[in-house]
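Residue-level listing of the chains:
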Amino acid sequence: GESVGLHLPTLSVQEGDNSIINCAYSNSASDYFIWYKQESGKGPQFIIDIRSNMDKRQGQRVTVLLNKTVKHLSLQIAATQPGDSAVYFCAERKVEYGNKLVFGAGTILRVKS
Amino acid sequence: SQTIHQWPATLVQPVGSPLSLECTVEGTSNPNLYWYRQAAGRGLQLLFYSVGIGQISSEVPQNLSASRPQDRQFILSSKKLLLSDSGFYLCAWSLRDRVAGELFFGEGSRLTVL
């Protein structure tokens, strides 16, 4: 379904600090999760994914944590840089939706220099 | 390597006019294809998806339609645009039958209906 709310939450961080972006998902049967980054005027780009049989996965400067008990997903960005400023979306694959990805509303990350 | 192209990138249309957005994928066969809409300040809403030529599934009732005349071509259309059709439209593809399910997005088409 459509995301609700007219204003996306915003996270402001100082350059060099770590960022944590959170996402709650709705379906305990979801088996796959992805984080996307969308820069202004562009399409979303894949950052990192995680399957439901894992609770942590690391990439380059990014870590995704999955807490299935509380249905919570987070994206951690280490040493945040100005180029990290973007909108970040989590997406879950819902089995009952034919394995299509359903996106959250998104979080704006602003990096202050 | 695979690429996805969608056009036009920007268009301004009057209410009641028709719409055609086109998307093509190169470098892969039998992809799943998707149209998403992103209203200002909102997340991504899935409009249509297709698992094959001529096979279209609609996610939400709306003023838009989609067609897939060829394996790697996906078209979003409207006969008469509404003001509420304004938004950022994104075409995406994924590999058929792949467990991972990652979507690859185009650069988007910004539609303004006046």
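In this report, the structure presented in the accompanying data block is examined. (Residues numbered from 1 in each chain as written. Chains lettered and ligands numbered in written order. Predicted model: local features only at pLDDT ≥ 70, side-chain atom pairs only at ≥ 80, totals over all residues. Heavy atoms only, no water.)

Across the boundary between the two partners, chain A contributes 23 residues, which contact 23 residues of chain B. Where chain A packs against chain B, one counts zero salt bridges. Mapped by element, the contributors of at least two residues to the side of chain A that touches chain B are β3 (32-38), β4 (45-51), β8 (86-93) and β9 (101-103) of chain A. No other element matches the four residues that β3 of chain A contributes to the side of chain A that touches chain B. Of the residues belonging to the side of chain A that touches chain B, the class tally is eleven nonpolar, seven polar and five charged. (Contact = heavy atoms within 4.5 Å. Salt bridge = Lys/Arg side-chain N within 4 Å of Asp/Glu carboxyl O. Helix = DSSP H or I, 4+ residues; strand = E, 2+ residues; numbered from the N terminus. Nonpolar A, V, L, I, M, F, W, Y, C, P; charged D, E, K, R; others polar.)

On to the state of the cysteines, then. Inspection of the entire model under this criterion finds two disulfides over all chains. Here Cys23 of chain A engages in a disulfide with Cys90 of chain A; their sulfurs sit 1.6 Å apart. Of this pair, Cys23 of chain A sits in strand β2 (residues 19-24) while Cys90 of chain A is found in strand β8, placing the two residues 67 residues apart along the sequence. Residue classification places Cys90 of chain A among the buried positions, given a relative accessible area of 9%. Bridging Cys23 of chain B to Cys91 of chain B, the disulfide has an S-S length of 2.0 Å. Between Cys23 of chain B and Cys91 of chain B the disulfide shows an S-S torsion of about -75°. By sign, it is left-handed. Of the two residues, Cys23 of chain B is situated in strand β3 (residues 19-26) and Cys91 of chain B in strand β9 (residues 87-94); the sequence distance between them amounts to 68 residues. (Disulfide = S-S within 2.5 Å. Buried < 20%, exposed > 50% of the residue type's maximum accessible area, 1.4 Å probe, protein only.)

Residues and elements named next belong to chain A. Relative to the elements of secondary structure, Thr63 occurs in strand β6 (residues 62-67). Judged by its relative accessible area of 10%, Thr63 falls in the buried class. Ignoring sequence-local partners within four residues, the contact set of Thr63 consists of Lys56, Arg57, Gln58, Ser74, Leu75 and Gln76.

Attention shifts here to the sheet that holds strand β7 (residues 65-70) of chain B. All names here are of chain B. Strand order across the open sheet formed by four strands is β1-β3-β8-β7, with antiparallel pairing between neighbours. Only two strands of the sheet have a single neighbouring strand rather than two, namely β1 (3-7) and β7. Neighbour-to-neighbour, the strand axes of the sheet open up by a mean angle of 20°, direction not taken into account. Where β7 meets strand β8 (residues 73-78), four bridges bridge the pair, whose relative direction is antiparallel. The residue bridging Ala66 from the neighbouring strand is Leu76, located in β8. (Pairing = 2+ DSSP bridges. Axes fitted to C-alpha atoms, helices over the stretch in contact; angles between N-to-C directions.)

Okay, the pattern of salt bridges next. Residue and element names in this part refer to chain A. This model, assessed by the stated rule, comprises seven salt bridges over all chains. Close ionic contact of Glu39 with Lys37 constitutes a salt bridge, the shortest N to O distance being 3.4 Å. For Glu39, a relative accessible area of 28% puts it in the partly exposed group. For Lys37, a relative accessible area of 15% puts it in the buried group.

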